[in-house]
Amino acid sequence: MDFGQLLTNVLTEMTGPTAIAYALAAIGLNIHFGLTGLINMGQAGFMLLGAYGFAVSTIAGAPLWLAFLVAIGAAVVFALILGLPTLKLRGDYLAIVTIAAAEIVRMVGRSTALTEITGGSEGLTGNSFKSTFQDASPLPDDRWALGPVTLATNASNSWWLRIVGWTLVLLACLFVWRLVRSPWGRVLRGIREDEDAVRALGKNVYSYKLQALVLGGVFGALGGVVFVLASSVQADSLGRPVTFNTWTILLLGGAATVLGPVLGSLLFWGALVFVRGFLRGAVPADVLSVQQVEQIGWVLVGITLILLIVFRPQGILGDKKELAINAR
Amino acid sequence: MPAEQVVDQARRSLHAVARTPGVPKPDPLLVADGVRRSFGGVNAVDVDHLEVQKHVITALIGPNGAGKTTFFNLMTGFDRPDTGSWVFDGTPLGGVAASRVAKAGMVRTFQLTKALARMTVLENMRLGARDQPGENLFTALVKPLWAPREREITDKAMALLERFKLDAKKDDFAGSLSGGQRKLLEMARALMSDPTLVMLDEPMAGVNPALTQSLLGHITDLRDTGTTVLFVEHDMHMVRHISDWVVVMAQGQVVAEGPPGEVMADQAVIDAYLGAHHDTDLGDDALLDEGGVIDAEAEAEAEAEADTEEKKP
Ligand SMILES: Nc1ncnc2c1ncn2[C@@H]1O[C@H](COP(=O)(O)OP(=O)(O)OP(=O)(O)O)[C@@H](O)[C@H]1O
Ligand SMILES: [Mg+2]
C-alpha cells in the first residue's frame, strides 16, 4: 500500500472545500447550540439555501458580491421565518421546526415545478455559476504544487477556493472569539443556562435568541456556498446527513469553544478519508467492494465517535469541568 | 431630603394605616387590583387590592401553597393573570414582558434558585448590570466601546460579592456553589441593577444562622439606601426582626396586614400558618378580633374533621 499517497489524500481532503464548508456550518451551529443552547436540527437547510441563493442569483446575472449577499439574505429570512414563531416556545419546538423546514427546502429545491430555477433533482451544474468566483481570482490559470498536494489554481476544487474558504473560516473564528468574550456573548451563555434567570435580569431573551439564530444561519449559508463552489448544487447532497455530520463535528471538536468546530471538521474528514483509503489498500477488492469500503468508513468513524463521547464527552477542546457541572 | 429621613417618614406614616387587608398606603410603589390566577379551578391568587409602601420592607407570609410565589410571578411578568391590573411606580405593568418589568426597576429572585451554572460567579454578577452597551451585537465587536463600563460593572460586582462573602469564589462556576451560596449569589445578582423594588422569594432558606444575621443587616441597608423590599419568608424570627409591614396570604387571598408585632400576635394568623383553619374564612374580621375563641374552635374542628373522615365512604 502506498502510504505516501494515502497521506496526501488525507491532507488534500482535510484542507479541502468540504472540510471548510463543514467548519463554517459548525461555527454557525456553535453559535446556536454551544453559545445559546438552541437546538437547530436543520443546519443543512441553511447551507442549501445559501447555495441556491448564490447559484441562482449568479445564473440570473448578479455580480459576485451580490450573489454572496443573496446567499446571506436567504439565510437571514429563513432564520426569521423559523425563529419568530418558535423562539418564544420551549427549546424542543425549534428542533422540530428546523428539521422539518430543512426538509421542505430540499423537497422544494428538487421538485419538478421549479426545474427552471433550481434544476429540479438534477440540480445546477457547477459550470453554470462558478465563473464569477473563478474570474475574481488573481491567480493565473495553472496547476500548482505545494508539498505533496497538487491542485488547479482556479477551477473547482482549487487553491483559490481554499484561500477564500480558509480566510472565511479565519474571519468567522475571529468574529466568534470577539463575541464570545463580549457582554453580548455573556447574555447568550446566560440564556443557554437558564433563560428565565436572564429575563429576570431585564434582558430581552427573545431578541437575543433571534440574533443568534440568524447569525449562525448566515455562517451555515456561507458554508453552503463554499460547498457548491467545489462541485454543483444538488438538493440531496445537502440533506439530513449533512446536519448530523455538522453536529458530530461540533461535538467532536468541542461545543462552546472557538476553534472546536474547525478542529472537528479537519479531524472528521481526515479520519474518514484515511479509514477508507486504508481499507481500500489493505483489504483485497474481492473481500470488500469499493462501495462496502465506503460504508465501513462511516461505521468506523461512528464507532470512534461513540468512544470519544464516552471517554471525552466535552469534545477535544472542551472544558471537562464545565461539563461535570452540567451533569449535576 | 436625605435617604434616612425618607425611610423614617415612610415607616412612620405606616402607623396611621388601618390594619385591614387591602388597605391603601400613603405612598404606594406597587398597587395591585383584582389580580386573579387559577390553575384548573383552584384559585392560586385572588387578590382584590394590595398596596406596597415605598421605602419600607414588606414581608409576605402565608402557608405553603398560599399563592405567594404565584403572586410574584404575576407581578413580574413570568405568568399571566386571568384578570387584574397593577401599577408599579406609576406605570401599568399588566401584560408587560418579564424583561421589561425588570428594566422598569422591579427585580425578583426565585424560590428555586436559578444560578447560571456554567458561568463563573463574577459573570453571573456582571449579567445583572444594566446599561452595558456591549450587550448590543454591533457594539460588542468593538471592545473600547464597552470596556470602560465593564470595569465599573466589575468593581460594583466585587463590592457586592464581598458584602455577601462570595468574593473568594468569584472565579468558580456558579454550579459548584452550595445551595445557600446560590441563594446569596442570586440576591447579589439582583442588586446589580439598583432596582427600585426588589422582590425576594425566601432569601434565607438554606442560609446558615451566622450569615442570616449579616444578611438581615444588608436588607435593612438596602432599605436605608432607598430600595423598597418585598420578601417572602417562612422564618418568623426574621420577619419580625426586619420587616416594617407584614402581609398575610392564605388560599390566594390577602387575609391580614399590619406591623409585624400586631400581625404575628394575631391568633388567626398563627392558626392559618399552622394550618388548623384551612377552611375557616380568615378574611372575616370578627375572627381577627377574637383570637381566643379560635383555639377552642380549632379543637372542636379537629374533632369534627375526624368525624367526617369516618363518615366518608
Ligand atoms: N404552574 C402551576 N400549575 C398548577 N398549579 C400551580 C402552579 N403554580 C402554582 N400552582 C398552585 O398554586 C398554589 C399556590 O402556589 P405558590 O407556589 O404560589 O405557593 P407559595 O405560597 O409560594 O407556597 P410556598 O410557601 O410553599 O412556596 C398551589 O396550590 C400550587 O399547587
Ligand atoms: Mg413559594
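Residues numbered from 1 in each chain as written. Chains lettered and ligands numbered in written order. Predicted model: local features only at pLDDT ≥ 70, side-chain atom pairs only at ≥ 80, totals over all residues. Heavy atoms only, no water.

### Thoughts on the overall build of chain B
Of regular secondary structure, chain B possesses 13 helices and ten strands. Within chain B, counting contacts between residues at least 6 apart in sequence, those at least 24 apart form 66% of the total. Summed over its atoms, the accessible surface of chain B is roughly 13,600 Å², and 52% of this surface lies on carbon and sulfur atoms. (Helix = DSSP H or I, 4+ residues; strand = E, 2+ residues; numbered from the N terminus. Contact = heavy atoms within 4.5 Å. Areas by Shrake-Rupley, 256 points an atom, 1.4 Å probe, with all protein chains shown as cover.)

### Here's the deal with the overall build of chain A
Scanning chain A for helices and strands turns up 15 helices and two strands. The C-alpha atoms of chain A give a radius of gyration of 20 Å, which matches the 20 Å a tight globule of 328 residues would have. In terms of its C-alpha atoms, chain A occupies a principal-axis envelope of roughly 60 × 50 × 35 Å. Across the 328 residues in chain A, those meeting the buried criterion constitute 54%. Residue pairs at least 24 apart in sequence account for 72% of intrachain contacts in chain A once pairs closer than 6 positions are excluded. (Rg over C-alpha atoms; globule rule 2.2 N^0.38 Å. Buried < 20%, exposed > 50% of the residue type's maximum accessible area, 1.4 Å probe, protein only.)

### Focus: the pattern of salt bridges
Across all of its chains, the model carries 29 salt bridges over all chains by this definition. When salt bridges with common partners are traced through the structure, they connect Glu103, Arg106, Arg110, Asp236 and Arg240 of chain A into a single cluster. (Salt bridge = Lys/Arg side-chain N within 4 Å of Asp/Glu carboxyl O.)

### Some details on the coordination of the magnesium ion (ligand 2)
Residues and elements named next belong to chain B. At the metal site, the magnesium ion (ligand 2) is ligated by Thr69 (OG1) and Gln111 (OE1), and these contacts range over 1.9 to 2.1 Å. Residue Thr69 is found in helix α2 (residues 68-75), and its partner Gln111 is found in the loop between β6 (106-108) and α4 (121-127); the two are separated by 42 residues along the sequence. A relative accessible area of 26% places Thr69 in the partly exposed class. (Donors = N, O, S within 2.8 Å, 3.2 Å for Na, K, Ca; no water.)

### Let's talk about the site of ligand 1
All names here are of chain B. If you check the shell around ligand 1, you find 13 residues, and the closest are Asn64, Lys68, Thr69, Thr70 and His234. Side-chain polar atom of Asn64 to an oxygen atom of ligand 1: 2.7 Å apart, as the coordinates give it. Interatomic distance of 2.8 Å between a backbone N/O atom of Gly65 and an oxygen atom of ligand 1. It is α2 that contributes the most residues to the shell around ligand 1, three residues altogether. Along the lines of polarity and charge, the residues of the shell around ligand 1 split into four nonpolar, seven polar and two charged. (Near = heavy atom within 4 Å. Polar contact = N/O pair within 3.5 Å; in protein donor to acceptor, adjacent residues only side chain to side chain. Nonpolar A, V, L, I, M, F, W, Y, C, P; charged D, E, K, R; others polar.)

### Comments concerning the interface of chain A and chain B
Counting residues at the interface gives 32 residues for chain A and 34 residues for chain B. Taken together, the two surfaces of chain A and chain B that pack against each other cover about 3,000 Å², and 64% of this comes from carbon and sulfur. The salt bridge involving Lys203 of chain A is made with Glu135 of chain B; its shortest N-O contact spans 3.2 Å. Our enumeration of links across chain A and chain B arrives at nine residue pairs in polar contact (both at pLDDT 80 or more). Listing elements by their share of the side of chain A that touches chain B, those giving two or more residues are α8 (159-180), α9 (183-193), α10 (195-200), α11 (205-229) and α15 (320-327) of chain A. When residues in the side of chain A that touches chain B are grouped by element, the largest group, eight residues, is from α9 of chain A. For the side of chain A that touches chain B, the per-class residue count stands at twelve nonpolar, six polar and 14 charged. (Buried area = accessible area lost by both parts, 1.4 Å probe.)

### A few points about a nonpolar patch on the surface
Judged by side-chain polarity, Val299, Leu300, Ile303, Ile306, Leu307, Val310 and Phe311 of chain A come together as a nonpolar surface patch covering roughly 680 Å² of accessible area. Residue Phe311 of chain A is classed as exposed on the basis of its relative accessible area, which comes to 65%. (Patch = residues over 30% accessible without salt bridge, like charges linked within 9 Å, V, L, I, M, F, W, Y side chains within 5 Å.)

### So, the sheet that holds strand β4 (residues 83-88) of chain B
Residue and element names in this part refer to chain B. Sheet architecture is open: four strands sit in the order β2-β1-β4-β5, paired in antiparallel fashion. Because the sheet does not close on itself, it has two edges, and the strands there are β2 (42-53) and β5 (91-92). Sheet topology note: the β4/β5 ladder contains two bridges and is antiparallel. If you follow Phe88 over to β5, its bridge partner there is Thr91. On top of the sheet, α2 reaches β1 (28-39), β2 and β4; it is set at about 115° to β1, its chief contact. (Pairing = 2+ DSSP bridges. Axes fitted to C-alpha atoms, helices over the stretch in contact; angles between N-to-C directions.)

### Considering the environment of Ala66 of chain B
Residues and elements named next belong to chain B. Structurally, Ala66 can be placed in the loop between β3 (57-61) and α2. Distance from Ala66 to Pro24, taken between C-alpha atoms, is 22 Å for residues 42 residues apart in sequence. What Ala66 contacts, discounting residues up to four positions off in sequence, is Ala44, Met249, Ala250, Gln251 and Gly252.

### Re the confidence of the model for chain B
All names here are of chain B. On average, residues of chain B carry a pLDDT of 83, and 86% of them reach 70 or more. Contacts from residues 274-297, a stretch scored under 50 in pLDDT, to residues over four places away or in other chains number 32 contacts. Across residues 309-313, where pLDDT falls below 50, the model places zero contacts with residues more than four positions away in sequence or in other chains. Here the complex is predicted with pTM 0.87, and the ipTM for its interfaces comes to 0.85. (pLDDT = per-residue confidence, 0-100.)

### Side note on the packing of helix α3 (residues 43-59) of chain A against helix α12 (residues 240-253) of chain A
Residues and elements named next belong to chain A. Relative to each other, α3 and α12 sit at 115°, their axes nearing to 7 Å. Here α3 and α12 pass one another in a crossing that is right-handed. Mapping the contact onto sequence places Gln43, Ala44 and Met47 in α3 and Val242, Thr243 and Thr246 in α12. (Left-handed = near helix turned anticlockwise from the far one by under 90°.)

### Some words on the pairing of strand β7 (residues 197-201) of chain B
All names here are of chain B. Of all five residues in β7, five are buried; the element is thus mostly enclosed. Of the two faces of β7, the one holding Leu197, Met199 and Asp201 and the one holding Val198 and Leu200 are both buried throughout. Pairing of β6 with β7 involves three bridges; the strand directions are parallel. Opposite Arg108, over in β7, you have Met199 as the bridge partner. Relative to strand β8 (residues 228-232), β7 runs parallel, the two being bridged by five bridges. The residue of β8 that forms the bridge with Leu197 is Thr228. In this view, the connection linking β7 to its parallel neighbour β8 by way of helix α8 (residues 209-224) has right-handed handedness. (Right-handed = clockwise from strand over helix to strand, strands pointing away.)

### Examining the pairing of strand β10 (residues 253-258) of chain B
The side chains of a regular strand alternate between the sheet's two faces. Residues and elements named next belong to chain B. Burial runs high along β10: five of the six residues are buried. Relative to β10, strand β9 (residues 245-250) runs antiparallel, the two being bridged by five bridges. Bridged to Val247 within β10 is Glu257. In sequence, β9 turns back onto β10 through a hairpin of two residues, with Gln251 there showing a positive phi of about 45°.

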